[in-house]
Amino acid sequence: MARLTLKNVSFSYVEDEPALIDVSFDVKQSEYVTIIGKNGSGKSTIAKLITGLLPELDNGEILLDGEKIKEEQIREKIGIVFQNPDNQFIGSTVRDDIAFGLENHQVKHDDMDKIIDEYSELVSMKPFLDKEPSALSGGQKQRVAIAGVLAMHPEIIILDEATAMLDPKGKKEIISLIHQLKKNDEKLSIISITHDVEEAFLSDHVVVLNEGKVIYDDTPENVFAHHQEIMDIGLDLPFFQKLKDGLIKEGFAVENCQNLSQLEDGLCQ
Ligand SMILES: Nc1ncnc2c1ncn2[C@@H]1O[C@H](COP(=O)(O)OP(=O)(O)OP(=O)(O)O)[C@@H](O)[C@H]1O
Ligand SMILES: [Mg+2]
């Protein structure tokens with residue numbers, strides 16, 4: 001059974017202007033799902049609905065393990081990092097901020113410093129623990145927010161463009177951290193809302209939104225095989241797909257290649 005299910009979800013902020021129309025998809029236990037779509041396609045609305053931040057749905061339901069999701073389950077099991085890091089700080093220092101989240105999760109005071117050290121180290125923010133959040137850059141704030149969420153050991157993490165403000169190196173670090181976390185915690189499910197098609201290409205499953213509707217819900221290989229449709233809705237193709245298309249045009253028989261190393265080895269006849 002899926003961990004999280006969106007079933008025929010429709011939602012409007014303003015009457016007769018639906019932001020989401022009949023959206024359905026599943027997130028399985030331990031799955032890394034990416035949601036892609038151009039600006040305004042409804043991605044953040046999905047994240048806000050899952051985390052209970054918006055009023056009632058117009059239609060449909062959100063299920064956790066097959067049952068309608070409850071507020072306390074959202075608090076206990078789901079962690080979210082928002083798109084805008086300025087909206088997610090409460091503490092007066094980085095340390096206080098992470099501690100605040102842990103307190104809400106009934107973590108014992110004696111354990112806190114160790115946990116805060118461990119997770120701030122993971123995102124390279126340990127030297128900033130006693131700084132005010134307002135003194136950090138956007139990317140540094142985003143790292144702190146990620147550390148704060150990870151420290152609470154959620155079962156499902158939602159990242160709403162959480163790496164958008166990071167430099168290329170920082171972005172790579174966070175994405176490899178996500179892959180690492182998945183390895184360490186085999187039950188963790190990750191939903192990453194992203195404009196980065198390379199990240200989507202490396203995820204388990206891609207949901208493509210356009211004008212509030214799901215147009216693809218499939219493996220990255222199958223989704224990005226719809227080259228023209230993906231480009232028509234304003235999205236880019238991953239490097240692998242572009243390279244493969246170019247090679248096919250030149251007459252190479254690489255149609256069955258699923259990744260870059262297969263392309264390099266020519267092992268996909
Ligand atoms: N608070 C709001 N009130 C009214 N309309 C809203 C509100 N928030 C979002 N919308 C509308 O809902 C639609 C979906 O917005 P959403 O924020 O989910 O898009 P998104 O895919 O996350 O876009 P982006 O890539 O820019 O973050 C848009 O048409 C947007 O204008
Ligand atoms: Mg958004």
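An account of the accompanying structure is given in this report. All residue numbers refer to positions counted from 1 along the written sequence of the respective chain. Each chain is given a letter, starting from A, and each ligand a number, starting from 1, according to the order in which they appear as written. This being a predicted model, a pLDDT of at least 70 is required before a residue's local features are given, and a value of 80 or more before pairs of side-chain atoms are given or counted; all residues contribute to the totals for chains, interfaces and linings. To get the side-chain values, take all heavy atoms of the structure and skip hydrogens and water.

### Some words on the pairing of strand β4 (residues 59-64)
Here strand β1 (residues 4-14) pairs with β4 via five bridges, running antiparallel. In the strand pairing of β4, L6 is matched with I62. For two strands to count as paired, DSSP must find a minimum of two bridges between them. In DSSP terms, a helix is any run of H or I states spanning at least four residues, a strand is any run of E spanning at least two, and both are numbered starting from the N terminus. Looking at chain direction, β4 and strand β5 (residues 67-68) are connected through two bridges and run antiparallel. In the strand pairing of β5, L63 is matched with K68. Taking the residues that link successive antiparallel strands as the turn, the β4-β5 hairpin has two residues, and the phi of D65 there is positive, at about 50 degrees.

### A short note on the sheet that holds β5
Judged by pairing direction, the sheet is antiparallel, and its four strands sit side by side in the order β2-β1-β4-β5 without closing on themselves. The open sheet has two free edges, formed respectively by β2 (17-27) and β5, since each of these has just one partner strand. Contacts are assigned to residue pairs that have any heavy atoms within 4.5 Å of one another. Axis definition: a line fit to C-alpha positions, over the contact stretch in the case of helices; interaxial angles, taken between N-to-C directions, run 0 to 180 degrees. Docked against the sheet, helix α1 (residues 43-50) engages β1, β2 and β4, running at close to 110 degrees with respect to β1.

### A few points about a nonpolar patch on the surface
Each patch is assembled from residues with relative accessible area greater than 30% and no salt bridge, linking like charges that lie within 9 Å and nonpolar side chains (Val, Leu, Ile, Met, Phe, Trp, Tyr) that lie within 5 Å. Accessibility throughout is a Shrake-Rupley quantity obtained with a 1.4 Å probe, and a residue counts as covered only by protein chains that appear here. Any carboxyl oxygen of Asp or Glu that lies within 4 Å of a side-chain nitrogen of Lys or Arg is treated as forming a salt bridge with it. Judged by side-chain polarity, F239, L243 and L260 come together as a nonpolar surface patch covering roughly 240 Å² of accessible area. Its place among the elements puts F239 in helix α10 (residues 239-249). Remark: exposure states derive from per-residue accessible area (1.4 Å probe, protein chains only) relative to the maximum for the residue type, with buried under 20%, exposed over 50%, and partly exposed in between. For F239, a relative accessible area of 48% corresponds to the partly exposed category.

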